[in-house]
Amino acid sequence: MGIVQIAIVLIVLILLVKPIGTYVYHVFSNKQNRSDAVFGPFENLLYKLIGLKSFAGMTWKAYALSVLLTNVVLVGIGYIVLRTQNLLPVNPSGIDGMEETLAFNTIISFVTNTNLQHYSGETGLSYFSQMAVIMMMMFTSAATGFSVAIAFIRGLTSRGTTIGNFFQDFVKAHTRIFIPAAVLVTLVLVALQVPQTLQSTINVTTLEGDTQSIAIGPVASLEAIKHIGTNGGGFFGANSSHPFENPSPLTNVIQILSMWLLPAALPYAYGLFSGNRKQGWVVFSAMMTLFLLFLTTVYIAETRGNPVINELGIDASQGSMEGKEVRFGIPQSALFTAVTTAATTGTVNNMHDTLTPIGGLVPLAEMMLNVVFGGKGVGIVNMLMYAILGVFLAGLMVGRTPEFLGRKIEPKEMKLIAIVILVHPLIILGPTAIAFLTELGQGSITNPGFHGITQVLYEFASSAANNGSGFEGLADNTPFWNIATGIVMLMGRYVSMIAMLAVAGSLAAKQWVPETIGTFRTDNGLFAGILIGTVLIIGALTFLPAVVLGPIAEQLTLR
Amino acid sequence: MNEQRKALLTPAIIKNAAIDSFKKLNPMSMIKNPVMFVVEAGTFVVLMMTIFPDYFEARGQFGFNLTVFLILLFTLLFANFAEALAEGRGKAQADTLKKSKGEMMANKIVGSGIKVVPSTELRKGDVVVVASGEWIPGDGEIVEGLASVDESAITGESAPVIKEAGGDFSSVTGGTRVVSDRIVVRITSDPGESFIDRMISLVEGAKRQKTPNELALNTLLTSLTLIFFIVIVTLPPIASYAGVDLEVPVLIALLVCLIPTTIGGLLSAIGIAGMDRVTQFNVIATSGKAVEAAGDINTMILDKTGTITYGNRMASAFIPVGDATESELAGWAAISSLLDETPEGRSVLEYMRNTGGQYSAELGEDAVFIPFQAETRMSGMDLVDGRKVRKGAVDSVKKWVTASGGTIPKDLEEKGNAIASKGGTPLAVAVDGRVYGLIYLKDTVKPGMRERFEQLRQMGIKTIMCTGDNPLTAATIALEAGVDDFIAESTPEDKIAVIRREQEQGKLVAMTGDGTNDAPALAQADVGLAMNSGTAAAKEAANMVDLDSDPSKLIEVVTIGKGLLMTRGALTTFSIANDIAKYFAIIPAMFMLAIPEMGVLNVMNLGSPASAILSALLFNAIIIPLLIPLAMRGVRYQPMSASKLLGRNMFLYGLGGVIVPFIGIKAIDMIVQLWV
C-alpha cells in the first residue's frame, strides 16, 4: 500500500507538469494569451502604481541590479520592522523587538526564500511582523527566484539580446501565479479543516480538569504560500507535522504537490521556451531519476528501521516511527522528506533529526546537490548550469568545441560557472569546519559523535541551499549561528543568482550556431545520463568525505 | 607525409624531454598550470616532512612519507615529460628548418651591377638574382624568369617545382634551392619575418597561445582543484570531532588523487601534439585556434578544379556551329591555343596532334597572346594581320562577338548546353565577329570524392563547390561529385559573399585558395587553407598553408581539428570519471583505523590503509605516461553522427574511466601490499 500512495502522487504530478508548465510559459513568454484578459487590468493598475512605464528588455546587469535593489529595500524595511515591533501596532501579546543578530538572521532567512527559523513564531514575532515581514517575504522571495529562473531560461533560449524585464516578471509572478495559487490552496485546505481564523488562542478545560491553551490562527493561508513559494516557515513550531497545519493524509498530499508542482513544471516551460519540448523532458527526467533514487533510499531506510532496535525484538513492522506522525506513516513521511528538501521548501511533517542515519542522508544530500527540482527557480537554474558543465566536459568528445542550445561555451561562461560550483561547497564545508574548530560552534551540538557532524552539516547545507529545514537538536539561536548561517544564506542565494544571470546575458548576446547532424544533442536519453553523471561526480563526490564522517559512519557504527 | 618527419621521435628527443621534465619543476613555470602546481606544493610539504620528521612529529612515518614523496615527484615528472616530449618534436622540426635557413649570400642588384651581401641584410623591396644551384635568400616574388625549385626543406617533397614570373606560381620561399635556370626575385619580407621564421616559431611552440577552449577548460580544472582543496582543508576539523586524526601526507595524497592531474598534466601536450599532427601532415597552421576552428567547421567551400576534379579539362571534340566546318573550327582553336599554357589550351594542341588535325601555325607568329582573365573569362591571340582570335566561356565570347558587331549562330546556345548537360565544358571559339564552334572539354571527378563528401555530410558539414563553369556544367559535376551546393560562374567576390552569408547564420566556413584574388576570401573564412604554390598574398591571408599544395587536404585538416578536440574531451572525461574509484580507495583507508566499520566501503578489498593510499596515488601517477601515446597520437576521428560518436566515446572514456581505475588500483595494491 505504501508504494501505491507514493505512486499516485507521482502520477498526479507527472500529469500536471504539462498543463502547469504550459501556463508558466504563457505567463512569461509575454505573448498575448487568454490570461491577459483576467489579470491584465489588475496588473496595469499595479504598473501605474509603481510607475513602470517601459517594458523594454533589460541587460543582465540591469536585471541583476533590479533584483538586488528590490531585495535590499525589502530587507531594510523588514529589519526595521523586526527590531521595532514593540513600538509598532498589532502587537497584542506585547512581544519585544528582536535581538539584532537574530533579526539579521531572520530577515535574510526570509528574503532568501530559506525560512530557516532560529526564533519561535509564537513568542518571537508580533502579528504585524508575521504579516508584514514573514508572509510578504514568502511571496516576494518566491517571485524573485521565479523571475530570475525565467530570465535565465530566456537568456539560454531567446535569440535576442535581452533576458526580460525584472519588474514585469516580478509583478506577473505574483498576480498570475503565486496569489491565485495561494488563494486556491487556502480554500481547499480550509475545506479540509485547516484553521483560518483571527481568533485568539482557545483555552479549554481537559477531562482531568486542567486548562490547556490551544493555539490557532490564520493557518491555512500561511500553509498555502509556505508550500507554493517553497518557503517552509511553519505557523507552529512543529511545522507540517502539527495536526492543525496538516491534519490528514489528503492535506499532506496537497502540501507535497503545492511545493513540488511549480519546480517540476519549470523544466517543461524551459522546453517550450527553447522550442523543443524534449529539452525540457531531458532535464525533468534527470531530476526525476535523482529524486527516485533518493526517495527509494529514504523509504527503504525508514521501512527497515534501526537494526539495533529491531534486534531487541521490538515490533518494527511499521518501520522507524520515531519522530513521525501515525496518520502519515512511513510512505507519506518519506515522500514528504524527499520532496521538501528536493524542492528546498524546508517544511517538515516528521522530524529529520530522528530519521535513520541513511534516511537522514537523503535530505542532506538533496540540499547539497540543490538540483533535484530545487526551490523556486533555483533548481532549474542549477540543473541547467550542470547541463552546461556536462556539455563542456563531454561535448568535446564529438569533435566540436562545446555548444549548448546553439551557443558556444567559452572562457567567460566557464569562469562564472566556476564561481557557482566553487561557492556551494565553500559555504557548506567552510563554516562546518569553523564550527568544529571553535567552542562557539561546538557548544551548540546537542548530540555528540557522528550525529553531531550531521547536525552541523545539515544546518549549513540547509542555509546554503536556501532550504530552511532544520535538523533540529542544534541550539542555534546564538550570535555565532545567527551570523554564520545568515552569511551562508546570502551567499547561497545571490552569488549564484548574479553569476547565472551573467551567464544568461553572455549567452544571449552570442551568435547562434545552427544545429547539424554533427552537433552535440542535449535532447536525448544519453544526455540525461551525462547530466546525472555530472551532477553526481562534480556535485556529489565533493561532499562524500564529510558525509562519510556523518550519516554513513553513524549507520555503520549503530550498536 | 614523409619519413623524415615521422622518424622525429628519436632517442635524442626522449633524452632531451627527460632532462626538460626536471627543468620544468621550477615553480615559476609550474604555476602556469594550477593543477600541477598544487601537486608540486604538496610534494614539497611531504618532502619537508620526510627530511625533518622531528619538526613535524612524523618520525614513525618516514618510510610512508618518503614513498608518497617519490610517487608525487614522479607524477610531476611524468606530466612534465608529456609536455616536453610534445615540445621536443616541434623543436626538432624547427632545428631542421633552422639548418636550411643558415647564413647565406645573396646576389643583390644594386643599380646596374650585382653586389654580394649576406641574406640577413636584405630588406623588403630588394631585388636579387638566384642562379642554378644557389639558395633563395628570402621570401619573395619572381619578377623575371622561370626555374625549378627544390622546396624539400619546407615541404619534404623531393621533386622540384616549377616557379615562374607572373601568375599564381611566382612566390618563392627563403631557404629553398634553385636547381635549374635563373630567376630574379623581389624580396617581400624583412629578416625574422620570413615564412621559414614564422614556421620555426610555430613548430617550436614558443609563441603558442592557449586557445579559447583550452582557457575555458583550464578555468574548470582550476576550479575543480580549488573545490577539492576546500574539501581536504575542511576535513581535518570535522574528522577530529569524530575522533579521527588525519595525517598530512594522507590528506595530500587524497587531494592529488582527486584533482584532475591526468588531464591537467596532459592538457598542454595534447594542444602541442595537435598542432604537431597538422604539421606532420605538411600543413602549417598559424595558431592552435585555427586548428580548433577546423573542428567546428559547418560549411566547406571547395574549388571544383584541382580539388574535386582533376581540373585538367581535356579537349575531346570540336563541335562547329552555324555554317563553319569542323576543320575550320579546329584550326582556329589550335591557333588560339598556341601560346596558351593552361591545361585546357595545351589539351587542344594535344588533341590536334592525336587526331592528326591540320592548322596553319605560321598565322600565330609574332601574334600577341591575350591571357585568361577572371573578368573577361577569355583568352586568345591578336594576330599580326589584325584579326583577333578568342576562345572562352560561351557567354563571354557571345558578348565579345556581339560587341564587335557579329551575329550569334542559332545552334550555339543549344550545342553549348548539350555539352554542359553531359558534364563537359564548352569553350566557344570566335574570330572577330564570327563564332566557329565549340571545344568540348571534359572534366573528371577524382575517384573517392563522392565518398568523402558523404563522410562530410555525416559530420554535419555542408559542401559548396565553386566553379567558373556555367550553371549547367556546374550542376552536372556537383551531382556527380555529390556536393550539397554549388556556385557556378563564380568570381572571387561571390566566394566572399557566400562566406559572409554562411557566417551570418552562425556557421564556420573553411575554404582553400591560392591566387591573390582569393586572399580576401581566405582572410574572411574561419579556416583558410592556402596552397604553398600560391601567391604570397594568399599565404599571408590564410591561417593555414598546405606545403603539398593539395586543396583536398582541407577535409583531413577538419578531421585533425576534430581529433584534437575529441582527445581533450576524452581525457578530461576519463580523468574526472577516475575520481569515483579513488574515493573508494582512499576514504575507507583514511578512516578505517579509527572507525573499523568503514571497512564496508573498502569495495576493492585493498590490503591495508597504507597500501590503499599508495596504490591510488601510484595509479594516479602511472596513468599519465600510459596516456601519453594517446595524447600525442590523438583520438581518431571517424565520420559518424554526433550522437553515435558521443555514445561510443562516452562508453570508452566515460565508462572506461569509471572502471579502469578500480581494476588498476586493485592490481597495483596486490603488488604493493607485499611490502606495506
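Source: prediction; values computed, not measured. (Residues numbered from 1 in each chain as written. Chains lettered and ligands numbered in written order. Predicted model: local features only at pLDDT ≥ 70, side-chain atom pairs only at ≥ 80, totals over all residues. Heavy atoms only, no water.)

(A) Structural context of the overall build of chain A. Helix and strand content of chain A: 20 helices and four strands. For chain A, the C-alpha radius of gyration of 23 Å lies close to 24 Å, the compact-globule estimate for 559 residues. Each principal axis of the C-alpha atoms in chain A carries an extent, and together these give about 75 × 60 × 50 Å. Within chain A, residue pairs in contact and separated by at least 24 positions form 77% of the contacts whose partners lie at least 6 positions apart. Counting only carbon and sulfur atoms, one obtains 66% of the accessible surface of chain A, whose full area is about 19,800 Å². Distance between charge centres in chain A, computed from 27 positive and 28 negative side chains, equals 21 Å. (Helix = DSSP H or I, 4+ residues; strand = E, 2+ residues; numbered from the N terminus. Rg over C-alpha atoms; globule rule 2.2 N^0.38 Å. Contact = heavy atoms within 4.5 Å. Areas by Shrake-Rupley, 256 points an atom, 1.4 Å probe, with all protein chains shown as cover. Lys, Arg positive; Asp, Glu negative; His and termini not counted. Charge placed at Lys NZ, Arg CZ, Asp CG, Glu CD.)

(B) Focus on the overall build of chain B. Looking only at helices and strands, one finds 24 helices and 20 strands in chain B. Overall size of chain B, expressed as C-alpha extent along the three principal axes, is 110 × 60 × 40 Å. Counting the 676 residues in chain B, one finds 57% classified as buried. Here the contacts in chain B between residues at least 6 apart in sequence split such that 69% fall between residues at least 24 apart. Of the roughly 27,000 Å² that chain B leaves accessible, carbon and sulfur atoms contribute 59%. (Buried < 20%, exposed > 50% of the residue type's maximum accessible area, 1.4 Å probe, protein only.)

(C) View of the sheet that holds strand 17 (residues 485–487) of chain B. All names here are of chain B. Reading across from one edge, 8-20-19-18-9-16-17 is the order of the seven strands in this open sheet, with mixed pairing throughout. Lying at the two open borders of the sheet, with one neighbouring strand each, are strand 8 (283–285) and strand 17. Neighbouring strand axes in the sheet, compared pairwise and without regard to direction, differ in orientation by 20° on average. Along the sheet, helix 17 (residues 471–481) contacts strand 16 (462–466) and strand 17; its crossing angle with strand 17, the most-contacted strand, is approximately 150°. (Pairing = 2+ DSSP bridges. Axes fitted to C-alpha atoms, helices over the stretch in contact; angles between N-to-C directions.)

(D) Geometry of the pairing of strand 14 (residues 425–431) of chain B. Residues and elements named next belong to chain B. The buried count for strand 14 comes to seven of seven residues, which makes it a mostly enclosed element. Side chains T425, L427, V429 and V431 of strand 14 all project onto a buried face; the interleaved residues P426, A428 and A430 project onto the opposite face, where all are buried too. Note: strand 13 (residues 388–393) against strand 14, five bridges, orientation antiparallel. Within strand 14, the residue paired with K391 across the bridge is V429. Bridge count between strand 14 and strand 15 (residues 434–442): seven bridges; the pairing is antiparallel. Looking across to strand 15, one finds that A428 is bridged to L438. In sequence, strand 14 turns back onto strand 15 through a hairpin of two residues, with D432 there showing a positive phi of about 45°.

(E) Up close: the UniProt feature "transmembrane region" (unreviewed entry) in chain B. Residue and element names in this part refer to chain B. The feature "transmembrane region" (unreviewed entry), as given by UniProt, occupies residues 35–56, 62–82, 215–238, 250–273, 583–604, 610–630 and 651–675 in the numbering adopted here. Spanning residues 35–56, this segment combines 77% helix with 0% strand, and its end C-alpha atoms are found 26 Å apart. In residues 250–273, helix accounts for 92% and strand for 0%; the two terminal C-alpha atoms are 35 Å from one another. (UniProt positions renumbered as here; feature names shortened; annotations may be inferred.)

(F) Summary view of the UniProt feature "binding site: Mg(2+)" (unreviewed entry) in chain B. Residue and element names in this part refer to chain B. Within this numbering scheme, the UniProt entry marks D514 and D518 as carrying the feature "binding site: Mg(2+)" (unreviewed entry). With respect to the helices, strands and loops of the structure, D514 is situated in the loop between strand 18 (509–513) and helix 19 (519–524). For D518, the position within the fold is in the loop between strand 18 and helix 19. Look at D518 and you get buried, because its relative accessible area is 8%. Of the polar contacts made by the side chain of D518, one reaches the side chain of K495; its length is 3.4 Å. (Polar contact = N/O pair within 3.5 Å; in protein donor to acceptor, adjacent residues only side chain to side chain.)

(G) Molecular detail of the interface of chain B and chain A. The interface of chain B with chain A comprises 65 residues on the first partner and 61 residues on the second. Summing the contributions of chain B and of chain A, the shared interface buries around 5,200 Å²; its carbon and sulfur component is 78%. On the chain B side of the contact with chain A, I238, Y241 and L646 of chain B bury the most area, a combined 14% of that side's loss. In this assembly, chain B and chain A are joined by one salt bridge. For D296 of chain B, the salt bridge is made with K408 of chain A, and the minimal N-O distance between the two is 3.3 Å. For the interface between chain B and chain A, the tally reads eight residue pairs in polar contact (both at pLDDT 80 or more). Put simply, the parts of the chain that give the side of chain B that touches chain A at least two residues each are helix 8 (212–241), helix 11 (288–295), helix 16 (449–459), helix 18 (492–504), helix 21 (553–577), helix 22 (579–591) and helix 24 (642–672) of chain B. Considered class by class, the residues forming the side of chain B that touches chain A number 38 nonpolar, 18 polar and nine charged. (Buried area = accessible area lost by both parts, 1.4 Å probe. Salt bridge = Lys/Arg side-chain N within 4 Å of Asp/Glu carboxyl O. Nonpolar A, V, L, I, M, F, W, Y, C, P; charged D, E, K, R; others polar.)

(H) Spotlight on the packing of helix 10 (residues 277–304) of chain A against helix 13 (residues 357–369) of chain A. Residue and element names in this part refer to chain A. Viewed as axis vectors pointing N to C, helix 10 and helix 13 meet at an angle of 160°, and their least axial separation amounts to 7 Å. As judged from the angle between their axes, helix 10 and helix 13 are roughly antiparallel. Two packed elements cross with a definite hand, and for helix 10 against helix 13 that hand is left-handed. Residues F291, F294, T297, V298, A301 and E302 of helix 10 form the contact with helix 13, whose own contacting residues are I358, G359, V362, A365, E366 and L369. (Parallel < 35°, antiparallel > 145°, perpendicular 65-115°, else oblique. Left-handed = near helix turned anticlockwise from the far one by under 90°.)

(I) Highlighting the packing of helix 16 of chain B against helix 17 of chain B. Residue and element names in this part refer to chain B. Taken N-terminus to C-terminus, the directions of helix 16 and helix 17 make an angle of 75°; their axes are 8 Å apart at the nearest point. Here helix 17 runs roughly perpendicular to helix 16, going by the angle between their axes. For the pair helix 16 and helix 17, contact is made by M449, R450 and F453 and by L479, E480 and A481, respectively. Each residue belonging to the contact of helix 16 with helix 17 can be placed in one class, and the counts come to four nonpolar, no polar and two charged.

(J) Structural context of the pairing of strand 2 (residues 113–118) of chain B. Residues and elements named next belong to chain B. Here six bridges tie strand 1 (residues 105–110) to strand 2, and the two strands are oriented antiparallel to one another. Note that in strand 2 the partner of A106 across the bridge is V117. In sequence, strand 1 turns back onto strand 2 through a hairpin of two residues, with G111 there showing a positive phi of about 60°.

(K) Expanded view of helix 9 (residues 249–274) of chain A. In this model, helix 9 of chain A (26 residues) spans 38 Å end to end at C-alpha, consistent with the 38 Å of a helix rising 1.5 Å per residue. Burial runs high along helix 9 of chain A: 23 of the 26 residues are buried. (Expected span 1.5 Å × (residues − 1).)

(L) Seen up close, the nonpolar core. By size, the foremost hydrophobic cluster in this structure holds 317 residues, and its most contacted members are F178, W260, F291, F404 and L549 of chain A together with M544 and F591 of chain B. Of the residues that make up this core, three or more belong to each of domain 1 (11–93 + 203–279 + 558–673) and domain 3 (283–308 + 446–547) of chain B. Discounting chain neighbours no more than four positions away, the residues touching F178 of chain A are F139, A142, A143, F146, A173, I225, I228, G229, L262 and K376 of chain A. (Core = buried A, V, L, I, M, F, W, Y, C linked by side-chain atoms within 4.5 Å. Domains from an automatic or database assignment.)

(M) The arrangement of the side chain of H352 of chain A in detail. Residue and element names in this part refer to chain A. Mapped onto the elements of the fold, H352 is located in the loop between helix 12 (329–342) and helix 13. Under the relative-accessibility criterion, H352 is labelled buried at 2%. One polar contact links H352 to T337, side chain to side chain, over a distance of 3.4 Å. Within the structure, the side chain of H352 is placed 2.7 Å from the side chain of Y458, a separation counted as a polar contact. Those residues in contact with H352 that sit more than four places away from it in its chain are T337, T340, T341, P363, Y458, S469, G470 and F471.

(N) The arrangement of the domain arrangement of chain B in detail. For chain B, the assigned domains read domain 1 (11–93 + 203–279 + 558–673), domain 2 (123–190), domain 3 (283–308 + 446–547) and domain 4 (312–442). Placing a centre on the C-alpha atoms of domain 1 of chain B and another on those of domain 4 of chain B gives a separation of 70 Å.

(O) Here's a closer look at the sheet that holds strand 11 (residues 368–370) of chain B. Residues and elements named next belong to chain B. A sheet is described by the order of its strands in space; here six strands give the open sequence 10-15-14-13-12-11, paired in antiparallel fashion. With one partner strand each, in any of the chains shown, strand 10 (314–320) and strand 11 form the two edges of the open sheet. The average undirected angle you get between the axes of adjacent strands in this sheet is 20°. The pairing of strand 10 with strand 15 spans six bridges and is antiparallel. Paired with A317 across the two strands is Y440, which belongs to strand 15.

(P) Representation of helix 14 (residues 394–403) of chain B within the structure. The set of residues buried in helix 14 of chain B consists of V394, S396, V397, K398, W400 and V401 of chain B. Looking at the buried positions of helix 14 of chain B, the neighbouring elements they touch are strand 12 (378–382), strand 13, helix 15 (411–421), strand 14 and strand 15 of chain B.

(Q) Summary view of unusual backbone geometry. Residues and elements named next belong to chain A. A positive phi angle, near 60°, is found at N30, a position not held by glycine. Examined against the element boundaries, N30 turns out to sit in the loop between helix 1 (2–28) and helix 2 (35–50). If you check the backbone angles, N239 has positive phi at about 55° while not being a glycine. Within the element layout of this structure, N239 appears in the loop between helix 8 (219–228) and helix 9.

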